[in-house]
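Here are the chains, one letter per residue:
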Amino acid sequence: MANGSADVRKLFIFTTTQNYFGLMSELWDQQLWSHCLEINNFLDDGNQMLLRVQRSDAGISFSNTVDFGDTKDKVLVFFKLRPEVITDKNLHDNILVSSMLESPISSLYQAVRQVFAPVLLKDQEWSRNFDPKLQSLLSELEAGLGIVLRRSDTNLSKLKFKEDDTRGILTPSDEFQFWIEQAHRGNKQISKERANYFKELFETIAREFYNLDSLSLIEVVDLVETTRDVVDDVWRQTEHDHYPESRMLHLLDIIGGSFGRFVQKKLETLNLWEDPYHLVKESLKAGISICEQWVRVCNHLTGQVWQRYVPHPWKNEKYFPETLDKLGKRLEEVLAVRTIHEKLLYFLPSSEEKIICHPRVFEPFTGLNPVQYNPYTEPLWKAAVSQYEKIIAPAEQKIAGKLKNYISEIQDSPQQLLQAFLKYKELVKRPTISRELMLERETLLARLVDSVKDFRLDFENRCRGTPGDASGPLSGKNLSEVVNNIVWVRQLELKVDDTLKIAEALLSDLSGFRCFHRSAEDLLDQLKLYEQEQFDDWSRDIQSGLSDSRSGLCIEASSRIMELDSNDGSLKVHYSDRLVILLREVRQLSALGFVIPAKIQQVANIAQKFCKQAIILKQVAHFYNSIDQQMIQSQRPMMLQSALAFEQIIKNSKTGSGGKSQITWDNPKELEGYIQKLQNAAERLATENRKLRKWHTTFCEKVVVLMNVDLLRQQQRWKDGLQELRTGLATVEAQCPLAWQSKWEGPEDPLQYLRGLVARAVAIQNWVDKAEKQTLLSETLDLSELFHPDTFLNALRQETARAVGRSVDSLKFVASWKGRLQEAKLPIKISGLLLEGCSFDGNRLSENQHDSPSVTSVLPCFMGWIPQDVCGPYSPDECISLPVYTSAERDRVVTNIDVPCGGNQDQWIQCGAALFLKTQ
């Protein structure tokens, strides 16, 4: 085969070379190379196994060896499977073709990773016949090549290691793995620490990206936000050398690529034209959200936040993930196609639905995968959409009038009108329907113009007021004034922006649109100016406060951490609440995209450094200042020693040899130890208080249980409960002062108290028996037998009021020693009264003689409730109103009764005359 052009072997090599390197036919002289020695050796010599083709600036060259320096250019390699002469018969059975890009390591790694490892390790047939040891070696080879490629090891390539060398970083997981490897294999300790820091930051999202395909679309929507926070933290960190900008740019790009491929893979599992609309809609919306969110993240971080971040500013132009953005727009178009079809079906009568039935209407998209976006598929997609629009055109004509009638019915309601246009916006965008709805769209534009005017008026009325006031910005929770005002105006900006978007999408062809657009843009500029003014005013105020020691914004590392106030004795921490607010403001304003002035940021960094310790100390101070309110009043003496010990630690906040120097913020080791001592003392005090309160609660519960015991029928239960109470009191008696024990109702001797309790319980049982026999009020009653005699008298008052048909307030309580009370509807006879301070014979009071007892019994009397306008048994002038107490201690009044005294009431007041019930 003397003629090279007729030699099919050479034609194969020439054609493959021309296609691979993209050579133009007129510049590719095959005749010139038909007698090339290297080509002839490869084809005609069975021992020559390899032919290398390389394109450089000098042109195309052929060789039978591969040199190390070949890696700088694109290389195409033909090599034989068997050592044979190549003929036209074994041409396609014995020649393998491989390309080499960047480096032999990269080419080998990708070949193993993309081709051979999946076939030999994942394919069931091949993996079953492949030796396990070889499988393990292949896996190790892939991992090892990946490590070498990511590190660009100097032992295996001519390239020195550089962090901005990202040729081996193809996925986010590769980037995360890079820092893991650097943390273990770095050359210097500081490099290892830095790599480990980045590794820990990336761990937040590493697992999700490694298992990305197993996540749902909704989960990845959340992952986008998490990823944003992580890359922001990586860029902003200042503890180590900055993250390289070129590396971050590459990371943002491959993250966007991963998100795009994930969305495509998930949506390819659906039949976007035939699956239920709600399912397709939700999936497409999630996919669109993923694309749009990451595009916004990249724009916001590289276009605003990082460019303004002084410690590590972004120097390049903002990064825009164009491919992901266009994928999102393609998904929006797919969703619009399905949505238009659903809306048309909604308006068309069932008899006409065949016009846009599924098989026919989506026929233009047959054989076209809409989620596979690239420049080559775009013309095919546009052609399919154009055919689709022609198919649905008749249906649009039919429903345009119906949609017009529907909107006309609700156009008087601005909110309903707007909702209707939003609901059917895909239809309204259609040229045919848009023309039909010209009047309705004009009405909508007028409504939007009014909305912008309302937004402007609301802003102008509120912008100078105080947040939360009727004339001020709307108030949010946990926001300072400056942050609240900025958040409020941002919300207004969003409303105006949404209004603009609606108008741009549906009304841009109307004559009044430009005027509306200018008005809305002017308002947006005004809102943004207000927002900036708020931030500038805040910056000036803070920087002014930094020079004023009384502002609470100054914290000196060498200052005392806390001290007792000499005026009120309260414990104060030298870390003001204003500093805490400043930290929150700096964090929130940074998140809102503002660049914090360096001086303020420096103070915030110092405050942040001590914030953790300050919060703990403030908790301790709050405990110390409020512990007295947590104690039971009668138990305070029991806590005295622990409280004094706690106070002593606070007063002696010294450190160093001999305890001569004060503990300050800039001494972290001593500060941590001191805080630990304070926390331990506070915990001991709190534990002791909880224990004493528990004792108090336990005794209360036991007494309540005893009060519910039937002493006549459950005597053993009573004795057991009483014994438990005595045992408990005996346990704490040595630790508890009498002041606390005396708080229990009754005498200090529990036995005496319980005897009185039993006596009352037995007496009440008798009262119950008499009441059941309806003889209670005809008997002589002893009020001392009751636990609450005042309750009994009040019940008698209510019963009397019902009997006489009058209100309880129109009755008065009287007593008589003259005989039965005729004026009372329900009179009772009372005994068991005692008198102190004078004597009483049933007719009138008299002074005690020198040998008279201090307390005397009072004769039984009749008592009852009578109307206010009815005269009692005694004239007011000859009586004195004496209180009736429950006991001689005079600590609780039961009632007051008029006792005849013969006049001169002051005499009996001076002698301290009073009645009380006898002791049970």
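Parameters and conventions
Residues numbered from 1 in each chain as written. Predicted model: local features only at pLDDT ≥ 70, side-chain atom pairs only at ≥ 80, totals over all residues. Heavy atoms only, no water. Helix = DSSP H or I, 4+ residues; strand = E, 2+ residues; numbered from the N terminus. Buried < 20%, exposed > 50% of the residue type's maximum accessible area, 1.4 Å probe, protein only. Contact = heavy atoms within 4.5 Å. Areas by Shrake-Rupley, 256 points an atom, 1.4 Å probe, with all protein chains shown as cover. Pairing = 2+ DSSP bridges. Axes fitted to C-alpha atoms, helices over the stretch in contact; angles between N-to-C directions. Polar contact = N/O pair within 3.5 Å; in protein donor to acceptor, adjacent residues only side chain to side chain. Salt bridge = Lys/Arg side-chain N within 4 Å of Asp/Glu carboxyl O. Disulfide = S-S within 2.5 Å.

Where an unreviewed UniProt entry is consulted, the chain appears under the name Dynein cytoplasmic 2 heavy chain 1, with the organism given as Callithrix jacchus.

Draft legend 1. Just the overall build of the chain, in detail. Each helix and strand counted, the chain has 30 helices and 19 strands in total. Counting across all 920 residues of the chain, residues that qualify as buried make up 42%. Considering only contacts in the chain between residues 6 or more positions apart, those separated by 24 or more positions represent 67%. Split by element, the accessible area of the chain, about 50300 Å² in all, is 50% carbon and sulfur.

Draft legend 2. Spatial organisation of the sheet that holds strand β11 (residues 828–831). Across the sheet, four strands lie side by side as β9-β11-β16-β10; this open sheet has mixed pairing. Edge positions in the sheet fall to β9 (780–782) and β10 (811–816), since each has one partner strand and no second. The sheet shows a mean angle of 40 degrees between the axes of neighbouring strands, direction not considered. Here β10 runs beside strand β16 (residues 861–867); their pairing, made up of six bridges, is antiparallel. Looking at β16, one finds that Lys812 is bridged to Ile866. Sheet strands touched by helix α29 (residues 789–804): β9, β10, β11 and β16. Its angle to β10, the strand with the most contacts, is close to 115 degrees.

Draft legend 3. How the structure looks around the environment of Ser839. Its place among the elements puts Ser839 in strand β13 (residues 839–840). The buried category is assigned to Ser839, whose relative accessible area is 17%. Considering only alpha carbons, one finds Ser839 and Ser852, 13 residues apart in sequence, at a separation of 8.5 Å. Setting aside residues no more than four positions away along its own chain, Ser839 makes contact with Arg844, Leu845, Ser846, Asn848 and Thr856. A polar contact is formed between the side chain of Ser839 and the side chain of Asn848, at a distance of 2.6 Å.

Draft legend 4. Examining the pattern of salt bridges more closely. One pass over the structure, following the stated rule, counts 27 salt bridges. For Asp7, the salt bridge identified is with Arg9, shortest N-O distance 3.1 Å. In this structure Asp7 comes out as buried when scored by relative accessible area, which is 1%. A salt bridge links Lys329 to Asp325, with the shortest nitrogen-to-oxygen separation between them at 3.1 Å. Here Asp325 and Lys329 lie together in helix α13 (residues 322–347), a separation of four residues that amounts to about one turn. Each of the salt bridges in this network shares a partner with another, and the network as a whole consists of Arg228, Asp229, Asp232 and Arg236.

Draft legend 5. Representation of the state of the cysteines in the model. Counted under the stated rule, the structure contains zero disulfides. Cysteine Cys901 remains unbridged, with the sulfur of Cys879 as its closest cysteine sulfur at 6.5 Å.

Draft legend 6. Seen up close, the pairing of β11. Because side chains alternate across β11, one face comprises the buried residues Ile828 and Ile830, and the other comprises Lys829 and Ser831, none of which is buried. For β9 and β11, the ladder comprises three bridges, and the chain directions are parallel. Each bridged residue has a counterpart across the sheet, and for Asp782 the counterpart in β11 is Ser831. Here three bridges tie β11 to β16, and the two strands are oriented antiparallel to one another. Residue pairing across strands places Ile828 opposite Met863, the latter belonging to β16.

Draft legend 7. Expanded view of the sheet that holds strand β4 (residues 95–100). Strand order in the open sheet formed by four strands is β2-β1-β3-β4, with antiparallel pairing between adjacent strands. The sheet is open, and its two edges are formed by β2 (59–63) and β4, each paired on a single side. Here the average twist between neighbouring strands, direction ignored, is 15 degrees. Judged from the five bridges that link them, strand β1 (residues 50–56) and strand β3 (residues 75–80) form a sheet pairing that is antiparallel. Residue pairing for β3: Val53 is matched across the bridge by Leu76. Across the sheet, helix α1 (residues 8–21) lies against β1, β2, β3 and β4, angled at about 150 degrees from β3, the strand it touches most. Lying on the sheet, helix α3 (residues 37–44) is in contact with β1, β2, β3 and β4; it crosses β1 at an angle near 150 degrees.

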